[in-house]
Amino acid sequence: MPRKLSTDDELLARLRTLTAQARERAEYQRSQVELAIALQRGMLPRDLPDTPRFHLAVRYAPATYGLNVGGDWYDAFRLPDGRIGLSIGDVQGHNIEAAAFMGQVRAGLRALASVTGEPGELLSRTNDLLITLGNDLFATCTFMRLDPETGVLESARAGHIPFVWATADGKSGIGEDEGGPPLGIEPGTEYPVSRFRLTTGGMFVLLTDGVVEGPSMNIEEGLDQVARLAGIAAVAGLEAHSLAAAVIKGAEQVGHEDDAAVLVMGHDGLDGTP
């Protein structure tokens, strides 16, 4: 006659079952995160445009909190007219869907940039394209167009945090250009364009909020910190990659739970052009 299980035996059996189920869920979530990170890395550009006098540098740190993974991206590519397109952005959410949507946004920007490189129109067309896809997600984004001949930058923002700038004489600050709503929310949205000039020794820093905002630091403090770093780098004549490394290192202070992406443009003027 089989022995009747005691209450303790039943509890132990139930505990073993729950432990096995928890382990399976953890393994599944971990595999989802690894897949999302692989998607992210595979969608980011392998090479950046090489332009005399103007130098680009990027840094990217994936989310390191729990099983979160975000949809931050950066991109830089040559436009049909020879100018340089630069974008940085952040997709809502922290899962594999966010990472996949990031790829759609980046691909959409690149494809439509072959039709128009004007930043405001490009963001408007990308916004309408994303809405037709019927996805519930949205993305913030900054797109800039750099003319290597003149140093003129045209910029449009879709709900994204402002850029940081610095000049060789030690001045630095946070961009005050007007922006529009994130991409993928309201059809027919128009995005205003602002124009700047990257002068000799100057730097522009594009970044995502994981660099400057977190449990240990608010976004105003974070942006001020990046502006100070950019000012020091410009005065010291540091290269773009040195500033990018310093900015991403400073992101550790915010205790961020999100991805962190940085794109730096620097102008060295070594050819003697005024």
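Owing to the predicted nature of the structure, the values given are computational and were not obtained by experimental measurement.

A. Representation of the sheet that holds strand S1 (residues 54–61) within the structure. Ordered by their spatial adjacency, 5 strands build an open sheet running S1-S10-S9-S6-S7, and the pairing between neighbours is antiparallel. Each having just a single partner strand, S1 and strand S7 (172–174) make up the two edges of the open sheet. Here the strands of the sheet are splayed against their neighbours by 15° on average, with no regard to which way each runs. Sheet analysis places S1 next to strand S10 (residues 260–267), joined by 8 bridges and oriented antiparallel. Bridging across to S10, Ala61 finds its partner in Ala260.

B. Main features of the side chain of Asp72. For Asp72, the location among the structural elements is in strand S2 (residues 71–78). Here Thr208 takes part through its side chain, which lies 2.8 Å from a polar atom of the side chain of Asp72.

C. Region of interest: a negative patch on the surface. Taken together, Glu213, Glu220, Glu221 and Asp224 make up a surface patch of like negative charges. Note on placement: Asp224 falls in helix H4 (residues 219–236). Classification of Asp224 by relative accessible area gives partly exposed; the value is 37%.

D. Seen up close, the packing of aromatic side chains. For the structure shown, the criterion picks out 4 aromatic pairs. Pairing Phe163 with Phe196 gives two aromatic rings, centres 5.0 Å apart and planes at 75°, and the pair type is edge-to-face. On the criterion of sequence distance, the pair formed by Phe163 in the loop between strand S5 (152–158) and strand S6 (164–166) and Phe196 in strand S8 (residues 194–197) is long-range, its members being 33 residues apart. Ring centres 5.2 Å apart and planes at 35° place the aromatic pair Phe163 and Phe204 in the tilted group.

E. Fine view of the sheet that holds S2. Strands sit in the order S2-S3-S4-S5-S8 across an open sheet of 5 strands; the sheet is antiparallel. What marks the edges here is a single partner per strand, and that holds for S2 and S8. Neighbour-to-neighbour, the strand axes of this sheet turn through a mean angle of 15°, independent of strand direction. In this structure, S5 lies alongside S8, joined through 4 bridges in antiparallel fashion. When the bridges of S8 are listed, Ser155 appears paired with Ser194. Running at roughly 20° to S2, helix H2 (residues 96–113) makes contact with S2, strand S3 (84–91) and strand S4 (139–146) of the sheet. Packed onto the sheet, helix H3 (residues 119–132) meets S4 and S5 and runs at close to 30° relative to S5.

F. Quick peek at the pattern of salt bridges. Applying the stated criterion across every chain, the model contains 9 salt bridges. Across the salt bridge formed by Arg145 and Glu154, the nearest N and O atoms sit 2.8 Å from each other. The exposure classification of Arg145 matches that of Glu154, with both residues buried. Among the ionic pairs, Arg157 bridges to Asp177, the shortest N-O distance being 3.3 Å. In this pair, Arg157 is assigned in strand S5 and Asp177 in the loop between S7 and S8, connecting sequence segments 20 residues apart.

G. Layout of the nonpolar core. Residues Val205, Leu207, Val211, Val212, Leu243 and Val262 are the most contacted members of the largest nonpolar core, which totals 25 residues. Counting residues per element, the ones that place at least two in this core are S6, strand S9 (203–207), H4, helix H5 (240–250) and S10. For this core, the element with the highest residue contribution is H4, accounting for 7 residues. Once residues within four sequence positions are removed from consideration, Val212 is found in contact with Ile161, Leu207, Met217, Asn218, Ile219, Gly222, Leu223, Val226 and Val254. Phe77, Leu79, Leu109 and Leu137 belong to the second-largest nonpolar core, a separate cluster that totals 22 residues.

H. Representation of the packing of H2 against H3. It is at 10 Å that the axes of H2 and H3 come closest, and there the two elements cross at 135°. With respect to H3, the element H2 is oriented oblique. With respect to the hand of their crossing, H2 and H3 are arranged in right-handed fashion. Contacts between H2 and H3 involve Phe101, Val105, Gly108, Leu109, Leu112 and Ala113 from the first element and Leu122, Leu123, Arg125, Thr126, Leu129 and Leu130 from the second. Looking at the contact of H2 with H3, its residues break down into 9 nonpolar, 2 polar and 1 charged.

What counts, and where the lines are drawn
Residues numbered from 1 in each chain as written. Predicted model: local features only at pLDDT ≥ 70, side-chain atom pairs only at ≥ 80, totals over all residues. Heavy atoms only, no water. Pairing = 2+ DSSP bridges. Helix = DSSP H or I, 4+ residues; strand = E, 2+ residues; numbered from the N terminus. Axes fitted to C-alpha atoms, helices over the stretch in contact; angles between N-to-C directions. Polar contact = N/O pair within 3.5 Å; in protein donor to acceptor, adjacent residues only side chain to side chain. Patch = residues over 30% accessible without salt bridge, like charges linked within 9 Å, V, L, I, M, F, W, Y side chains within 5 Å. Areas by Shrake-Rupley, 256 points an atom, 1.4 Å probe, with all protein chains shown as cover. Salt bridge = Lys/Arg side-chain N within 4 Å of Asp/Glu carboxyl O. Lys, Arg positive; Asp, Glu negative; His and termini not counted. Charge placed at Lys NZ, Arg CZ, Asp CG, Glu CD. Buried < 20%, exposed > 50% of the residue type's maximum accessible area, 1.4 Å probe, protein only. Phe/Tyr/Trp six-rings, centres within 6.5 Å; stacked < 30°, edge-to-face > 60°. Contact = heavy atoms within 4.5 Å. Core = buried A, V, L, I, M, F, W, Y, C linked by side-chain atoms within 4.5 Å. Parallel < 35°, antiparallel > 145°, perpendicular 65-115°, else oblique. Left-handed = near helix turned anticlockwise from the far one by under 90°. Nonpolar A, V, L, I, M, F, W, Y, C, P; charged D, E, K, R; others polar.

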